[in-house]
Amino acid sequence: MTSTEEHELNALVQLFESRSFARLVAAGKKYTKKYPHNGSGWNLLALGYKNLGNIPEAIDIYQFLVREVPKSAMFLSNLGNTYMLIGRISEGIHCYEQALELEPNLINAIEALGLAYLEIGHKDKAISSFKRVISIDNNHQKSLYYLGNVYLTMNRYQDAADLFQQTSFGFSKSHHLECLYRLGQKGLFYQKYNKLSASGAANPLMASVVSHASVRFGVPDDNPFCSSAFDHIYVGRIEESDGFNDGLSKKLIDFHHGNKNDFRNQELLTNGKQSSGNLFLLKEDFAQELKKVVEKKIEQYRALFSNSRQGFLTLWPQNYELIGWLVSIESGGHLDPHIHKEGWLSGSFYLNMPESSGKDSGNIAFSLHGANYPTDGKYYKQKVVDVNQRDICMFPSSLFHSTIPFESEEERISFAFDVKPIN
């Protein structure tokens, strides 16, 4: 590589690190035309496309790179990462496995493989992957965090707490707070919470735990994310005049029914299916038109609550992405109470709602209680919101929500979404 070629490559790296992805794509196209045999240049161009949401272009480049440089574990791993974004889990796993045959200690591929196993419900394999990363690098922040999260789902709260104390990645401090709460360490729980709150932290997970504790212990809820979540539930309509017609709705439902990708393992869902990946990254017209409508509805929500002093509105993230997925539930099914810890504002758009078979059947229910948190026998109120076909419901991501079981020959089909902050 000549000094000029290397200098221009470093300029692409700087654009990537500064998150100037549109400029990266423009510069990357020129670079790869000038230096067509430089794999690093192609890789950076693909990363630019991926971060701009142009997944087909990114996949095309990575597939080209894998063909041209079949012994590159990095290119295989990056192709796997891109497949995962749109729910092609089996193909992603295949890429990671191929990458690890070439480079057994490639940490990024091992860790990504663990996350992929979680998507399809193979916890034992995921645990092995994260432990393998930690055996290579005992201070690897992400795998410590991911392993802690798996232990949380297995009710291994002390093991999870020990891991969360070793990492500062993601919501590790909030998860440590959650572990203390579950372990009944009230004094230490509030000590850690006060310190975390004083640091300026505000996120849905911390808020949900503290709001739950406020009822359980009979103390004021002063969490900085949202302490009046019930007052910030909104239900509106998406009409054809909003830009999303019945034809697009049918295409979205047909896509779900004919899904060639893997459905995501969802332990909270009974008698239903959840799509994997981010459907907003699809280039199909139904996905892009729905994205435009949802973006408008989010701005309407913010305008409606413009006088609110709740943190999730006053601290609205400067940079965020929209994550969307489909959930279909058949007769007798339901979705257990949960929050969206990585969201900020969450919502659902109802594509098909069966005729009611009883009071509140199929509706969405909100509560401050969920995740099997200890209650000490205290009463947690529930608010059931009536939703109909083409309704859109939006709410703070810290609020536990669930679906009420129903009996019908029709499916209940909804499109769920999150506003997810980009750090």
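Residues numbered from 1 in each chain as written. Predicted model: local features only at pLDDT ≥ 70, side-chain atom pairs only at ≥ 80, totals over all residues. Heavy atoms only, no water.

**Thoughts on the overall build of the chain**
For step 1, the next point in the chain: Within the chain, the regular secondary structure consists of 16 helices and 10 strands.
For step 2, the next point in the chain: Taken over the C-alpha atoms alone, the chain extends approximately 70 × 55 × 40 Å along its principal axes.
For step 3, the next point in the chain: The buried share of the chain, reckoned over its 423 residues, is 53%.
For step 4, the next point in the chain: Across the chain, contacts joining residues at least 24 apart in sequence account for 70% of those joining residues at least 6 apart. (Helix = DSSP H or I, 4+ residues; strand = E, 2+ residues; numbered from the N terminus. Buried < 20%, exposed > 50% of the residue type's maximum accessible area, 1.4 Å probe, protein only. Contact = heavy atoms within 4.5 Å.)

**Looking at the sheet that holds strand S6 (residues 364–367)**
For step 1, the next point in the chain: Spatial strand order, S7-S6-S9: three strands in an open sheet with antiparallel pairing. In the strand order of this sheet, the two ends are held by strand S7 (382–385) and strand S9 (400–403), each with one partner. For this sheet the average axis-to-axis angle between neighbouring strands, irrespective of direction, equals 25 degrees.
For step 2, the next point in the chain: Where S6 and S9 come together, four bridges link them in antiparallel fashion. (Pairing = 2+ DSSP bridges. Axes fitted to C-alpha atoms, helices over the stretch in contact; angles between N-to-C directions.)

**Looking at the side chain of Lys341**
For step 1, the next point in the chain: Mapped onto the secondary structure, Lys341 falls in the loop between strand S4 (320–335) and strand S5 (345–352).
For step 2, the next point in the chain: Buried charge Lys341 goes without a salt bridge, the closest partner of opposite sign being Glu342 at 5.3 Å.
For step 3, the next point in the chain: Here the side chain of Lys341 touches His175 through a polar contact of 2.8 Å, side chain to side chain.
For step 4, the next point in the chain: If we skip the residues at most four places from it in the chain, Lys341 touches Tyr145, Asn149, Phe171, His175, Pro204 and Leu205. (Lys, Arg positive; Asp, Glu negative; His and termini not counted. Salt bridge = Lys/Arg side-chain N within 4 Å of Asp/Glu carboxyl O. Polar contact = N/O pair within 3.5 Å; in protein donor to acceptor, adjacent residues only side chain to side chain.)

**Digging into the sheet that holds S4**
For step 1, the next point in the chain: Pairing in this open sheet of seven strands is antiparallel, and the strands run S1-S8-S5-S10-S4-S3-S2 from one edge to the other. Whereas interior strands pair on both sides, the edge strands pair on one side only; in this sheet they are strand S1 (234–237) and strand S2 (263–264).
For step 2, the next point in the chain: Bridge count for S5 against strand S8 (residues 391–396) is five bridges, and the pairing is antiparallel. Residue pairing in the sheet places Gly347 in a bridge with Met394 of S8.
For step 3, the next point in the chain: Each of S1, S4, S5, S8 and strand S10 (412–421) is contacted by helix H15 (residues 285–304), which is oriented at about 55 degrees to S8, the strand it contacts most.

**Some remarks on the environment of Phe189**
For step 1, the next point in the chain: Structurally, the position occupied by Phe189 is in helix H12 (residues 186–198).
For step 2, the next point in the chain: Given a relative accessible area of 0%, Phe189 falls into the buried group.
For step 3, the next point in the chain: Note: C-alpha distance between Phe189 and His176 (13 residues apart in sequence) is 8.9 Å.

**Remarks on the pattern of salt bridges**
For step 1, the next point in the chain: What the rule picks out here adds up to 17 salt bridges.
For step 2, the next point in the chain: Measuring nitrogen to oxygen at the nearest pair gives 3.7 Å for the salt bridge that ties Arg182 to Glu178. Of this pair, Arg182 and Glu178 both sit in helix H11 (residues 172–182), four residues apart, which is roughly one turn of the helix. There is no split in this pair, since Arg182 and Glu178 are both buried.
For step 3, the next point in the chain: For Asp254, the salt bridge goes to Lys250, with nearest N and O atoms at 2.7 Å. Taken together, the residues Asp254 and Lys250, both in helix H14 (residues 246–257) and four residues apart, mark about one turn of the helix.
For step 4, the next point in the chain: Taking relative accessible area as the criterion, Asp254 reaches 38% and is therefore assigned partly exposed.
For step 5, the next point in the chain: Exposure remark for Lys250: the relative accessible area of 52% places this residue in the exposed category.
For step 6, the next point in the chain: Taken together, the shared-partner salt bridges connect Arg237, Glu239 and Asp391 into one network.

**Notes on the packing of helix H6 (residues 89–102) against helix H7 (residues 107–119)**
Helix-helix packing: each pair is described by the crossing angle between the helix axes and the interaxial distance.
For step 1, the next point in the chain: Contact geometry for H6 and H7: axes closest at 9 Å, N-to-C directions at 150 degrees. By the angle between their axes, H6 is roughly antiparallel relative to H7. In this structure, the crossing between H6 and H7 has a hand that is left-handed. Residues Ile89, Ile93, Tyr96, Glu97, Ala99 and Leu100 of H6 form the contact with H7, whose participating residues are Ala109, Ile110, Ala112, Leu113, Ala116, Tyr117 and Glu119.
For step 2, the next point in the chain: Looking at side-chain class alone, the contact of H6 with H7 contains 11 nonpolar, no polar and two charged residues. (Parallel < 35°, antiparallel > 145°, perpendicular 65-115°, else oblique. Left-handed = near helix turned anticlockwise from the far one by under 90°. Nonpolar A, V, L, I, M, F, W, Y, C, P; charged D, E, K, R; others polar.)

**Section: helix H1 (residues 3–17)**
For step 1, the next point in the chain: The end-to-end C-alpha separation of H1 is 21 Å, in line with the 21 Å expected for 15 residues at 1.5 Å each.
For step 2, the next point in the chain: Packed against the buried residues of H1 are helix H2 (21–34) and helix H3 (39–51).
For step 3, the next point in the chain: Arg19 occupies a position one or two residues after H1 and carries a positive phi of about 60 degrees. (Expected span 1.5 Å × (residues − 1).)

**A short note on the nonpolar core**
For step 1, the next point in the chain: Counting residues in each nonpolar core, the largest one holds 128 residues, and the members touching the most others are Phe189, Phe244, Leu252, Ile298, Leu351, Phe366 and Phe415.
For step 2, the next point in the chain: Among residues more than four places away in sequence, those in contact with Leu252 are Phe244, Leu279, Phe286, Leu290, Leu326, Leu351 and Phe415.
For step 3, the next point in the chain: Leu269, Trp325, Val327 and Phe406 belong to the second largest nonpolar core, which has eight residues in total. (Core = buried A, V, L, I, M, F, W, Y, C linked by side-chain atoms within 4.5 Å.)

**A short note on the packing of helix H9 (residues 141–153) against helix H10 (residues 157–164)**
For step 1, the next point in the chain: For the pair H9 and H10, the least separation of the axes is 8 Å and the interaxial angle reads 165 degrees. Classed by the angle they form, the pair H9 and H10 counts as roughly antiparallel. Here the hand of the crossing between H9 and H10 comes out left-handed. Taken together, the residues of H10 that come into contact with H9 (itself represented by Leu144, Tyr145, Leu147, Gly148, Asn149, Tyr151 and Leu152) are Tyr157, Asp159, Ala160, Leu163 and Phe164.
For step 2, the next point in the chain: Within the contact of H9 with H10, the residues separate by chemical class into nine nonpolar, two polar and one charged.

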